[in-house]
Protein chains: 2
Amino acid sequence: VNDIVRLAEKLTTLAEPWQPGVVGELNDYLIKLARLEGEFVWHAHAETDELFLCLSGELVIEMQRGDVALSAGDLYVVPKGVRHRPVAKRCAEVLLIEPRGVVNTGDAVTDRTAETDRWI
Amino acid sequence: VNDIVRLAEKLTTLAEPWQPGVVGELNDYLIKLARLEGEFVWHAHAETDELFLCLSGELVIEMQRGDVALSAGDLYVVPKGVRHRPVAKRCAEVLLIEPRGVVNTGDAVTDRTAETDRWI
């Protein structure tokens, strides 16, 4: 039997912001949690959409076509290829879903680029 | 730009229990909401895992290998091919993710079988 994932408990195990941790898998997709603080880097994922579900706090996903502002209980899917920058002025906790192997900074390799597919 | 999905607002538009409504898409996957009340039917999905995220209430997913009990904030992925029966003694609201075209009752066609891929 798969484990039940208690999101609140798993979130407490995230040490660093912007370092997603994998908590489950759905076929070829990974379910991740991350804590966001401040500004991320502009990037895009050429091959896949990316699901954001805001679990706590406030998150803005900046995009050239317009920003979206998410609070707890809001879900947004960034379409594939769309350049975006997540910004949490204070702190936000998010659930992410994307295919296995996706790099958090997409086409932008920076000091924010995290280990891919790290389970927590 | 995709729409922001405010889960709480969308949940209020679900008229009938056990009739999932699609609120978004992630590549070939659909993001659905459903309200569960009482016992569903035993069924399996031969081709895919199925993600359950409990948003409110209490949900038990019965399986031959053992039951799992979910409360708000708990996530569980039913592995593909595993026969299961969701049961909400009172009421539960869930977010579901599975590939486009999956029938809610899987291999069991009953009066609970809902329209597939109905957007709300």
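The coordinates are above.
Residues numbered from 1 in each chain as written. Chains lettered and ligands numbered in written order. Predicted model: local features only at pLDDT ≥ 70, side-chain atom pairs only at ≥ 80, totals over all residues. Heavy atoms only, no water.

(A) Molecular detail of the overall build of chain A. Within chain A one finds 1 helix and 7 strands. Reading the secondary structure of chain A in the N-to-C direction produces β-α-β-β-β-β-β-β. Taken over the C-alpha trace, chain A has a radius of gyration of 13 Å; the compact-globule value for 120 residues is 14 Å, and the two agree within 12%. Each principal axis of the C-alpha distribution contributes one length, and for chain A these read about 45 × 30 × 25 Å. Within the span of chain A, comprising 120 residues, buried residues form 52% of the whole. In chain A, the share of contacts with a sequence separation of at least 24, taken over all contacts with a separation of at least 6, comes to 65%. When the accessible surface of chain A is totalled, it reaches about 5400 Å², and 47% of it is carbon and sulfur. In chain A, 13 side chains carry a positive charge and 20 a negative one; their mean positions are 2 Å apart. (Helix = DSSP H or I, 4+ residues; strand = E, 2+ residues; numbered from the N terminus. Rg over C-alpha atoms; globule rule 2.2 N^0.38 Å. Buried < 20%, exposed > 50% of the residue type's maximum accessible area, 1.4 Å probe, protein only. Contact = heavy atoms within 4.5 Å. Areas by Shrake-Rupley, 256 points an atom, 1.4 Å probe, with all protein chains shown as cover. Lys, Arg positive; Asp, Glu negative; His and termini not counted. Charge placed at Lys NZ, Arg CZ, Asp CG, Glu CD.)

(B) Layout of the interface of chain B and chain A. Counting residues at the interface gives 31 residues for chain B, matched by 31 residues for chain A. Both sides of the chain B and chain A interface together cover about 2700 Å² of buried area, and 62% of this is carbon and sulfur. Our count for the chain B to chain A interface comes out at 2 salt bridges. Our count for the contact surface shared by chain B and chain A stands at 16 residue pairs in polar contact (both at pLDDT 80 or more). Counting only elements with at least two residues in the side of chain B that touches chain A, the list comes to strand 1 (5–6), strand 2 (21–26), strand 3 (29–39), strand 4 (50–63), strand 5 (68–71), strand 6 (74–78) and strand 7 (84–99) of chain B. Taken together, the residues of the side of chain B that touches chain A break down into 20 nonpolar, 4 polar and 7 charged. Relative to strand 1 of chain B, strand 6 (residues 74–78) of chain A is paired through 2 bridges, and the arrangement is antiparallel. Considered in strand 1 of chain B, the bridge of D74 of chain A is made with R6 of chain B. (Buried area = accessible area lost by both parts, 1.4 Å probe. Salt bridge = Lys/Arg side-chain N within 4 Å of Asp/Glu carboxyl O. Polar contact = N/O pair within 3.5 Å; in protein donor to acceptor, adjacent residues only side chain to side chain. Nonpolar A, V, L, I, M, F, W, Y, C, P; charged D, E, K, R; others polar. Pairing = 2+ DSSP bridges.)

(C) Region of the structure containing the nonpolar core. With 30 residues, the main nonpolar core has L51 of chain A together with L51 of chain B as its most contacted residues. The contacts of L51 of chain A, once residues within four sequence positions are left out, are L75, Y76, V77, L95, L96 and I97 of chain A together with L26, I31 and I97 of chain B. (Core = buried A, V, L, I, M, F, W, Y, C linked by side-chain atoms within 4.5 Å.)

(D) Inspection of the pairing of strand 2 of chain B at higher detail. Residues and elements named next belong to chain B. Extensive coverage of strand 2 is indicated by the burial of 5 of its 6 residues. Where strand 2 lies against strand 3, 5 bridges are found, and the strand directions are antiparallel. Bridge assignment links G21 to a residue of strand 3, and that residue is L33. Where strand 2 hands over to strand 3, the hairpin turn is made up of 2 residues, of which N27 adopts a positive phi near 55°.

(E) Structural detail: the side chain of E98 of chain A. All names here are of chain A. In this structure, E98 sits in strand 7 (residues 84–99). For E98, a relative accessible area of 2% puts it in the buried group. Polar side-chain contacts of E98 include one of 3.0 Å to the side chain of K32. If we skip the residues at most four places from it in the chain, E98 touches Y29, L30, K32, D49 and E50.

(F) Expanded view of the side chain of E62 of chain B. Assignment of secondary structure puts E62 of chain B in strand 4. Judged by its relative accessible area of 18%, E62 of chain B falls in the buried class.

(G) Region of the structure containing the environment of R90 of chain B. Residues and elements named next belong to chain B. Along the chain, R90 falls in strand 7. Separated by 17 residues in the primary sequence, R90 and D107 place their C-alpha atoms 26 Å from one another. Filtering out sequence-adjacent residues up to four positions away, R90 remains in contact with L36, E37 and G38.

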